Each structure stands twice: as structure tokens, then as C-alpha cells.
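In case you want the letters, here they are:
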Amino acid sequence: MFDHSFPAPTAALPNQLPPMFVNAAADTSLAFVLTTPDHSLVAAMSGTARPLVLDRFASLAEAMRGAIVFADQFAFDARPPMLAILDRDDRLVLAGAATDGAVAWCHPVISAAEARAVVTEASQLRAQVSRAADWKKHGLSQRLRQRADLLEARLVDPLWRAFAARALQVAA
């Protein structure tokens, strides 16, 4: 049943990491991890896609500054990369899209009811992505997928919601 092998992509992916982030710090005692999604075909097809660790930081403020450094050094393609800051237990602390040397952080949801509404809307957008792809509307499907990603970036872990909202107020 699983006797088909899938070729590993040999060409470089357009979202290659800048040189300073290729060897992310291995110090797992640091509390915050800056990540970006793994868009490799092999990971997606095998179901083992995990976020790529860009760097580790001791504080949320340092992680936010690290994200801005990443945004400064990254060569962007048509779709801005999503960045996420996770705690050491892999809980989402903050997420946003890197664009032109800045990070557009997504404000976290405030309540469980708002989180349910965000999940519902993101699910509807993902269904529209599938239909748009079936109709060969690739530009539309890419925009809908990005909108769904930005909505899901608001789904900060309940433990971090108030803290992340306050950090965004301080940073502004």
C-alpha cells in the first residue's frame, strides 16, 4: 500500500533561512523559541512537519527583537513568512507575519468565545482555499491561505494571552 516513494525536492526552497539563523542556538534552557513553519514537501507529505527553530531567547522582548532581525535579513517571496514565538512547552506565545524588516504581530484572542469564532472563520477560509485550488485560482487560494494563517496566529495559549497583549501594548 505504501510502496510508492516520493522524490525529495533537490532544488533549494525559495524560503531559505538567512545565514545567521541556519544553526539556531541549542541551549534548551532558554524560555522562548522563535520559529517559522516548515513548508518542505517531504515533511508535509509524511505528516511530520514541525516548526523550524530559528533561535532561542531568555525573554519575550528578546524574542520579539530577534524576530525583527530575522525580518530584516530574510529575502521575501510573494507570501510573507509567519513567525511564532513558543514557550519551552511548545505553547504559542505570539505570532505574526514578517514583512519588509518588521513583524506584523497578531493580537491574541481575549476569550474562549473569540477563539471559537476565529477557529470557525479560519476553517471556512481553508475550505474556500480548497475550492479555489480546484478551480485553478492559485492567487486567490494563496491570499485565502494567508488570511487563515493570520487568523490562526491569534490563537495564543490561554496562559499567555494577557501577557502577550500587554507586551504588544508596551512594544507599540
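This is a predicted model, so every value here is computed, not measured.

A. Region of the structure containing unusual backbone geometry. Phi is positive for D90, which is not a glycine, with a value near 60°. Within the secondary structure, D90 sits in the loop between β3 (82–87) and β4 (92–99). Here K136, not a glycine, exhibits a phi torsion of approximately 65°, which is positive. With respect to the secondary-structure elements, K136 resides in the loop between α3 (112–134) and α4 (138–152).

B. Structural context of the sheet that holds strand β2 (residues 52–57). The strand order β2-β1-β3-β4-β5 describes an open sheet built from five strands, whose pairing is antiparallel. Looking along the sheet, the strands with just one partner apiece sit at the ends: β2 and β5 (102–105). Direction aside, neighbouring strands of the sheet carry axes that sit 30° apart on average. Looking at chain direction, β4 and β5 are connected through four bridges and run antiparallel. Across the sheet, the residue bridging to T99 is A102, located in β5.

C. Layout of the pattern of salt bridges. Applying the stated criterion to the full structure yields seven salt bridges. Where R91 meets D87, a salt bridge forms, and the shortest distance between an N and an O atom there is 2.6 Å. The class of R91 is partly exposed, set by a relative accessible area of 27%. Close ionic contact of E121 with R147 constitutes a salt bridge, the shortest N to O distance being 3.8 Å. You can see E121 sitting in helix α3 and its partner R147 sitting in helix α4, a full 26 residues away along the chain. The partly exposed category is assigned to E121, whose relative accessible area is 35%. A cluster of three or more residues bridged by salt bridges with shared partners is formed by D87, D89 and R91.

D. Spatial organisation of the pairing of β5. In β5, alternate side chains face the same way, and those of V103 and W105 are buried while those of A102 and A104 on the opposite face are not. Here β4 hands over to β5 after two residues, with D100 in that stretch at a positive phi of 45°.

Rules used in this analysis
- Residues numbered from 1 in each chain as written.
- Predicted model: local features only at pLDDT ≥ 70, side-chain atom pairs only at ≥ 80, totals over all residues.
- Heavy atoms only, no water.
- Helix = DSSP H or I, 4+ residues; strand = E, 2+ residues; numbered from the N terminus.
- Pairing = 2+ DSSP bridges.
- Axes fitted to C-alpha atoms, helices over the stretch in contact; angles between N-to-C directions.
- Salt bridge = Lys/Arg side-chain N within 4 Å of Asp/Glu carboxyl O.
- Buried < 20%, exposed > 50% of the residue type's maximum accessible area, 1.4 Å probe, protein only.

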